Each structure stands twice: as C-alpha cells, then as structure tokens.
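Here is what each chain is made of, one letter per residue.
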Amino acid sequence: MSSRFVVPFLACLAAPVWAQGPSFSFAEAGVALYPNFESETLLGAQVRGSQTLAPEWFMLGGLKALTGDIDVTAIHGGGGYRYAMDHRTDVWGGLTLEYQEVQVERCVTNTFQGTKSCSDASTDDVAPGLRGGIRRQLHRDLEIGASARYISGDMDYLGVTGTARYSWQRNVSVLAQADYYDGNVGIIGGLTMHF
C-alpha cells in the first residue's frame, strides 16, 4: 500500500480522537476550599458560565461565595474575545465589571467584666477587571487551561488559575481547579455542562 493512501487513512482514524477547540458555551458549579485565606479556612461555592455570541465573541460571568470567620463574595460579568491558535488551542481575553465584598466578624472579650462583644466590618467595591488565558483540548476527553485576572479598584488584586476538565459524559465534564486569589491558594471541584 502506498504512503499516499496510508497517511490519509491514518488521519481519518485519528480524527475522532482529537476534538474541536474548547467550547465557550458552558455553565459550571463547584465547591471551593481556601484552607488559609487571610489565616482562616473558607469553604463555599463557585458558579460561572460563558455563552458564545459569534465565532470569536462570548460573554462570561460568575459568582464565588466563601464563608468562615471571613465572608467573601465576588461577582463578575462581561465580554471576551477568543483567538484560535490552532484547531485545539484558544487564547482569550475579556473585560469585566467586578463586585467584591468582604465581611469580617471582630470579637473583643472584656476579661474584667467577663463579656464578649462582636461586630461585623464590611468592605465592598465595584471596579473594572481584565481577564485572559489559554485553553487547550489535549484529547476529546481532556481540556486544560490557565488564566489570569487583574481586578482594579479599592480592593485590587491579581489572580491566577489552572483548570482541567475531564469529559464524564457527552456534555458533562468533571472540573478540577487550583486558584491563586489575592495571595491565597484554593481548590475547586465541580461539574461543567457544555451546550
């Protein structure tokens, strides 16, 4: 058999193994654990999604709510642009509007009177954010990615995330994520639904 027939034949066999590029139409939810967030253990939830508007344009949004002795709420929404580097790899960037709120319970004990008084201190801010990253479909069942975000304003910070999604069923993937959030490391596990 000549090579001019073998190469196309092998390419046809391998084609189903390699999926298209990463999907930008998804919704995902998961449990978030930050074991040492400002010296406190915080547990909560993360919900986020993205919807393709045109081949290169998409909208994105999300909510992260963490609780413990400190309560952290972060909400973002905005739009983005993706650029296909090849048929399995996309780089993307987006502008967002970010809301952040941090509530801290402070307690003071009066040892002379034997009393304890507590009060909540709350700080919040709305500011623009810049997000971007790279996503690569390694195999039809496995996608990996890395992203960064810079949130400006009174509560400005830089965050970095590493993500893996493993296809569990046709439109459902298992999500595993490591997040560096304003100097605090967290892990997120959940599910992603592609549509």
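Fair warning: this is a prediction, and the values are worked out from it, not measured in the lab.

Definitions and limits used
Residues numbered from 1 in each chain as written. Predicted model: local features only at pLDDT ≥ 70, side-chain atom pairs only at ≥ 80, totals over all residues. Heavy atoms only, no water. pLDDT = per-residue confidence, 0-100. Helix = DSSP H or I, 4+ residues; strand = E, 2+ residues; numbered from the N terminus. Contact = heavy atoms within 4.5 Å. 1 Å grid on protein atoms, 1.4 Å probe; cavity = no way out; pocket = protein on both sides within 12 Å on 5 of 7 lines; lining within 4 Å. Points joined across faces, edges and corners; volume = space filled by probe spheres on them. Nonpolar A, V, L, I, M, F, W, Y, C, P; charged D, E, K, R; others polar. Salt bridge = Lys/Arg side-chain N within 4 Å of Asp/Glu carboxyl O. Buried < 20%, exposed > 50% of the residue type's maximum accessible area, 1.4 Å probe, protein only. Patch = residues over 30% accessible without salt bridge, like charges linked within 9 Å, V, L, I, M, F, W, Y side chains within 5 Å. Areas by Shrake-Rupley, 256 points an atom, 1.4 Å probe, with all protein chains shown as cover. Lys, Arg positive; Asp, Glu negative; His and termini not counted. Charge placed at Lys NZ, Arg CZ, Asp CG, Glu CD. Core = buried A, V, L, I, M, F, W, Y, C linked by side-chain atoms within 4.5 Å.

What to know about the confidence of the model for the protein
On average, residues of the protein carry a pLDDT of 89, and 90% of them reach 70 or more. Between the elements of the protein, mean pLDDT differs from a low of 46, seen in helix α1 (residues 3–14), to a high of 98, seen in strand β7 (residues 142–151). Residue range residues 6–18 is modelled with pLDDT below 50. Its contacts to residues more than four positions away, or to other chains, number 8 contacts.

A closer look at empty space enclosed by the protein
Applying the stated rule across the entire model yields 1 cavity of 30 Å³ or more. Looking at the largest cavity, it is lined by 34 residues, and the ones nearest its centre are Arg48, His76, Trp92, Arg131 and Ser147. For the lining of the largest cavity, the class distribution of residues is 14 nonpolar, 11 polar and 9 charged.

Here's the deal with the layout of surface pockets
The calculated volume of the largest pocket comes to roughly 330 Å³. If you trace the largest pocket, you find 17 residues lining it, with Gln137, Arg140, Ser167, Arg170 and His194 closest to the centre. Looking at the lining of the largest pocket element by element, the count peaks at 3 residues for strand β8 (residues 157–169). Of the residues belonging to the lining of the largest pocket, the class tally is 3 nonpolar, 9 polar and 5 charged. Looking at the second largest pocket, its volume works out to about 200 Å³. Taken together, 13 residues make up the lining of the second largest pocket; nearest its centre are Phe37, Gln100, Val102, Met155 and Asp182. Contributing elements (two or more residues each) for the lining of the second largest pocket: β4 (70–86) and β5 (89–110). With 3 residues, the top contributor of residues to the lining of the second largest pocket is β5. Here the residues of the lining of the second largest pocket sort into 6 nonpolar, 2 polar and 5 charged.

A few points about the pattern of salt bridges
Using the criterion set out here, one finds 9 salt bridges in the structure. One salt bridge connects Glu28 with Arg165, and the closest N-O pair in it is separated by 3.1 Å. One end of the pair, Glu28, is in strand β1 (residues 26–37); the other, Arg165, is in strand β8, with 137 residues separating them in the sequence. The pair formed by Glu28 and Arg165 is uniform in burial state, with each residue classed as buried. Note that Arg131 is salt-bridged to Glu98, the shortest N-O span being 3.0 Å. In this pair, Arg131 is assigned in strand β6 (residues 115–139) and Glu98 in strand β5, connecting sequence segments 33 residues apart. Taking the relative accessible area as the measure of exposure, Glu98 reaches 4% and is therefore buried. A cluster of three or more residues bridged by salt bridges with shared partners is formed by Glu28, Arg48, Arg135, Glu143 and Arg165.

A few points about a negative patch on the surface
Together, Glu38, Asp154, Asp156 and Asp182 make up a region of like negative charge exposed at the surface. With respect to the secondary-structure elements, Asp182 resides in the loop between β9 (172–181) and β10 (184–194).

What about the nonpolar core?
Membership of the largest hydrophobic core comes to 14 residues, with the highest contact counts inside it found for Tyr34, Phe37, Leu42, Leu66, Val72 and Tyr181. Looking at this core, the elements with two or more residues in it are β1, β4 and β9. Beyond its immediate chain neighbours, meaning those up to four positions away, Tyr181 contacts Tyr34, Phe37, Lys64, Val72, Ala74, Gln100, Arg149 and Tyr157.

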